[in-house]
Amino acid sequence: MAFQKAVKGTILVGGGALASVLGLSQFAHYRRKQVNLAYVEAAECVSEPVNREPPSREAQLLTLQNTSEFDILVIGGGATGCGCALDAVTRGLKTALVERDDFSSGTSSRSTKLIHGGVRYLQKAIMKLDIEQYRMVKEALHERANLLEIAPHLSAPLPIMLPIYKWWQLPYYWIGIKLYDLVAGSNCLKSSYVLSKSRALEHFPMLQKDKLVGAIVYYDGQHNDARMNLAIALTAARYGAATANYMEVVSLLKKTDPQTGKERVSGARCKDVLTGQEFDVRAKCVINATGPFTDTVRKMDDKNATAICQPSAGVHIVMPGYYSPESMGLLDPATSDGRVIFFLPWQKMTIAGTTDTPTDVTPHPIPSEEDINFILNEVRNYLSCDVEVRRGDVLAAWSGIRPLVTDPKSADTQSISRNHVVDISESGLITIAGGKWTTYRSMAEDTINAAIKTHDLKAGPSRTVGLFLQGGKDWSPTLYIRLVQDYGLESEVAQHLAATYGDKAFEVAKMASVTGKRWPIVGVRLVSEFPYIEAEVKYGIKEYACTAVDMISRRTRLAFLNVQAAEEALPRIVELMGRELNWDDYKKQEELETARKFLYYEMGYKSRSEQLTDRSEISLRPSDVDRYKKRFHKFDADQKGFITIVDVQRVLESINVQMDENTLHEILNEVDLNKNGQVELNEFLQLMSAIQKGRVSGSRLAILMKTAEENLDRRVPIPVDRSCGGLEKNVNQTRSGYNATFSYWLGE
């Protein structure tokens, strides 16, 4: 019975079923493997959550204020901090957690989205006979299996291809990958295998085929990192932990131990970032789980504490989904500078990264153009020359700060520990640092074990192995079908809701607005290209979303998938949040500006807008270039360097032209060579150059922009319609409007 509860359902990420990835027979093999997860029994010891739903943020704040003393106070709402809170509360300890920003606002939402043991770490462990790295890989592979089991809606196994271009590499990498399977043991997701050149190209057709010998495919896990982090936080809250985001620790509280006469950390002075209210939260034990900000909290305890965090920036980019197969990733094991690059399908897009660059600690890391171009160059090396990798194809980019640490207890304090470090200060502050996303649970277990021992707390062993996270317990691979049938949601939206909220998807569906269409009946989208709906904004507030940035980056993942789409959705998101949270007009505008700033700096918008125009593909006279630039900038009023559907709608409204959104998308899509939802200046100049040369016989966008330019002052409504597959030179005014074409302009 325990096994049936633990393995109920299959696994689905971004709407794709695991069975479709592995095949039915292989999928059944994977399910049988889960019989070996005997540790599921530990979850059976845990009582049911004390709350059916997580308490509101206001209720959590009252608990923090009114509780005389907690057993555990965790500082930090990333994966590790939330993991510590869940581990502590399920052992029966009175637990609190505070986070200065939003849950998963830092490194935990900016990962490679992999749940993995680390192939490269195993290679180093073997080559250097490093037992520490070997243990870390083995532990991570165990945790990988557990995470896939406890959050099946948010995670799934993913096959990853390692292309081979030299014959001698084939046995070398094959042995390494087989050792990876061997170390995983019963937790191996599926055995790795070798592909011939032809089979490799069949699975990954956009791969560089010159000199390709073959490929090796192995399996790791993939997940929705921010949503996974949030699921851990929500689960902890349901089990009784007092968790609150936007609560900043101003200082640590201390009291004198009557037995030793020494000062001991006894809590923290906390400030509500949203209201400015301050109060004390007292606890027998305080845990520092602040990732890159580890040393900041350590110095609150002891201003002379030696820094142990050595931050490193990892940049990722997101590109259109056609750059990779839907169910196969790619690993570049040796880039031009010795780093490793992953090229993975994620949320129907393609994610590429990461870099590894020393950086300063900042709450707002910015992806550099140098790192973006480095990733693009590495991608070009592995893709066919038929696939033109463009800078404009980067739909989003972000930088995450890895909190690499040195062990303060080690004789070699300069040596970076790839494993996690649990440090206990003289005043009793417990710091957990280092490690990786995949091992968050075991890190939390080690931390709470240390807390119990150091502070003489009364609690049993960890019970989080096999413990379902929010949304996972009653999820099944066919759950989305019930959403379609019971609520009238379109299939793509239903699959997205099931893969994001698991068995809580029905609560979101109940909030969905009627569309006013024959189909879908409910589920108004925030932006047409993505399956996010307005009801998710309302539900996101129940999940402790407090700002528009929370909503576009962590409750939905729009900012991480396409910054342009996120910006388009922002006004409606702010309107909906304002209605729920009683924001006035000033607050709404502030939220809009803050979110746009976030997109501009932290999600790669700035880097896009600063690109120089490549004139090499444009054959226009200087006078023509200036003329077309002037026309372009009538639409690009903000001087961004590109125009979107929003810019076109603004100009059309100024000349009283009405055009439906789908038609505008079609018009821009004809010229949008990068398929990134926007037309850049160089793309527009390329278009006009092609028209002059006769390579293009007609363009609705060129005509629309020419028409708008000439009619801005006259305010004459001239809609542009497609007729018989082309454009006609006649104007026929009717009661319903105008049907006009202007082919005589195309030779301009």
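Keep in mind that what you see is a predicted model, and the values were worked out from it rather than measured.

### A word on unusual backbone geometry
Turning to step 1, where the next piece is worked out: Here the bond from G353 into T354 is cis, since omega is 20°, no more than 30 degrees from zero.
Turning to step 2, where the next piece is worked out: Among the structural elements, T354 can be located in the loop between β16 (349–353) and β17 (357–358).
Turning to step 3, where the next piece is worked out: Cis rather than trans, the peptide bond between W519 and P520 has omega equal to -5°.
Turning to step 4, where the next piece is worked out: Within the element layout of this structure, P520 appears in the loop between α17 (505–511) and α18 (535–542).

### What to know about the nonpolar core
The nonpolar side chains of a soluble globular protein tend to be buried, and buried together.
Turning to step 1, where the next piece is worked out: Within the largest apolar cluster, 76 residues are counted, with the highest numbers of intra-cluster contacts made by I72, M161, F204, I287, I317, F343 and L469.
Turning to step 2, where the next piece is worked out: Examining the composition of this core, we find that eight residues originate from one element, helix α11 (residues 225–238), more than from any other.
Turning to step 3, where the next piece is worked out: Other than its neighbours up to four places away in sequence, I72 contacts A88, L93, K94, T95, A96, A283, C285, I287, A451 and L457.
Turning to step 4, where the next piece is worked out: Among the nonpolar cores identified, the runner-up in size contains 64 residues, and C188, I552, M577 and M603 belong to it.

### Comments concerning helix α16 (residues 491–501)
At 3.6 residues per turn, the α-helix brings residues three or four places apart onto the same side.
Turning to step 1, where the next piece is worked out: In terms of residue burial, α16 counts as a mostly covered element, since nine of its 11 residues are buried.
Turning to step 2, where the next piece is worked out: The complete set of buried residues in α16 reads V493, A494, Q495, H496, L497, A498, A499, T500 and Y501.
Turning to step 3, where the next piece is worked out: Just beyond α16, the residue with positive phi is G502, at close to 60°.

### Observations regarding the packing of helix α19 (residues 548–555) against helix α21 (residues 563–581)
Turning to step 1, where the next piece is worked out: Put simply, α19 and α21 touch, their axes get as near as 9 Å, and they point 120° apart. Classified by chirality, the crossing of α21 by α19 is right-handed. Residue-level inspection shows A548, M551 and I552 of α19 in contact with α21, the latter providing L570, I573, V574 and M577.
Turning to step 2, where the next piece is worked out: Of the residues contributing to the contact of α19 with α21, the split by class is seven nonpolar, no polar and no charged.

### Section: the confidence of the model for the chain
Close reading of the predicted structure is inappropriate where its pLDDT is low.
Turning to step 1, where the next piece is worked out: Across the chain, the average pLDDT comes to 85, with 85% of residues at 70 or higher.
Turning to step 2, where the next piece is worked out: Every residue in residues 1–44 is under pLDDT 50, and counting partners more than four places away or in other chains gives 89 contacts.
Turning to step 3, where the next piece is worked out: Taken as a whole, residues 611–616 scores under 50 in pLDDT and shows eight contacts with residues more than four places along the chain or in a different chain.

### Comments concerning a nonpolar patch on the surface
Turning to step 1, where the next piece is worked out: Together, M127, W168 and Y172 line one region of the surface with nonpolar side chains, adding up to about 380 Å² of accessible area.
Turning to step 2, where the next piece is worked out: Secondary-structure assignment places Y172 in helix α9 (residues 169–184).

### Digging into the pattern of salt bridges
Turning to step 1, where the next piece is worked out: Applying the stated criterion across every chain, the model contains 41 salt bridges.
Turning to step 2, where the next piece is worked out: A salt bridge links D280 to R282, with the nearest nitrogen and oxygen atoms 3.9 Å apart.
Turning to step 3, where the next piece is worked out: The salt bridge involving D456 is made with K458; its shortest N-O contact spans 3.7 Å.
Turning to step 4, where the next piece is worked out: Ionic contacts of the salt-bridge type, sharing partners, join the residues R52, E53, K504, E507 and K542 into one network.

### Let's talk about the UniProt feature "domain: EF-hand" (unreviewed entry) in the chain
Turning to step 1, where the next piece is worked out: If you check UniProt for "domain: EF-hand" (unreviewed entry), the listed places come out as residues 623–658 and 659–694 in our numbering.
Turning to step 2, where the next piece is worked out: For residues 623–658, helix accounts for 64% and strand for 6%, while the C-alpha atoms at its two ends are 32 Å apart.

### What to know about the side chain of D550
Turning to step 1, where the next piece is worked out: Within the fold, D550 resides in helix α19.
Turning to step 2, where the next piece is worked out: At 2.8 Å, the side chain of D550 forms a polar contact with the backbone nitrogen of C546.

### Digging into the side chain of D295
Turning to step 1, where the next piece is worked out: Examined against the element boundaries, D295 turns out to sit in helix α12 (residues 294–301).
Turning to step 2, where the next piece is worked out: Discounting chain neighbours no more than four positions away, the residues touching D295 are T306, A307, I308 and C309.

### Quick word on the packing of aromatic side chains
Ring pairs (aromatic) are described by centroid distance and by the angle formed between their planes.
Turning to step 1, where the next piece is worked out: The tally for this structure, following the rule as stated, stands at 14 aromatic pairs.
Turning to step 2, where the next piece is worked out: Ring pairs connect the aromatic residues W168, Y172 and Y173, which therefore count as one cluster.
Turning to step 3, where the next piece is worked out: The cationic tip of R100 hangs over the ring face of F293; the distance from NZ or CZ to the ring centre is 4.6 Å.

Reading the values: the criteria
- Residues numbered from 1 in each chain as written.
- Predicted model: local features only at pLDDT ≥ 70, side-chain atom pairs only at ≥ 80, totals over all residues.
- Heavy atoms only, no water.
- Helix = DSSP H or I, 4+ residues; strand = E, 2+ residues; numbered from the N terminus.
- Core = buried A, V, L, I, M, F, W, Y, C linked by side-chain atoms within 4.5 Å.
- Buried < 20%, exposed > 50% of the residue type's maximum accessible area, 1.4 Å probe, protein only.
- Contact = heavy atoms within 4.5 Å.
- Axes fitted to C-alpha atoms, helices over the stretch in contact; angles between N-to-C directions.
- Left-handed = near helix turned anticlockwise from the far one by under 90°.
- Nonpolar A, V, L, I, M, F, W, Y, C, P; charged D, E, K, R; others polar.
- pLDDT = per-residue confidence, 0-100.
- Patch = residues over 30% accessible without salt bridge, like charges linked within 9 Å, V, L, I, M, F, W, Y side chains within 5 Å.
- Areas by Shrake-Rupley, 256 points an atom, 1.4 Å probe, with all protein chains shown as cover.
- Salt bridge = Lys/Arg side-chain N within 4 Å of Asp/Glu carboxyl O.
- UniProt positions renumbered as here; feature names shortened; annotations may be inferred.
- Polar contact = N/O pair within 3.5 Å; in protein donor to acceptor, adjacent residues only side chain to side chain.
- Phe/Tyr/Trp six-rings, centres within 6.5 Å; stacked < 30°, edge-to-face > 60°.
- Lys NZ or Arg CZ within 6 Å of the ring centre and 35° of its normal.

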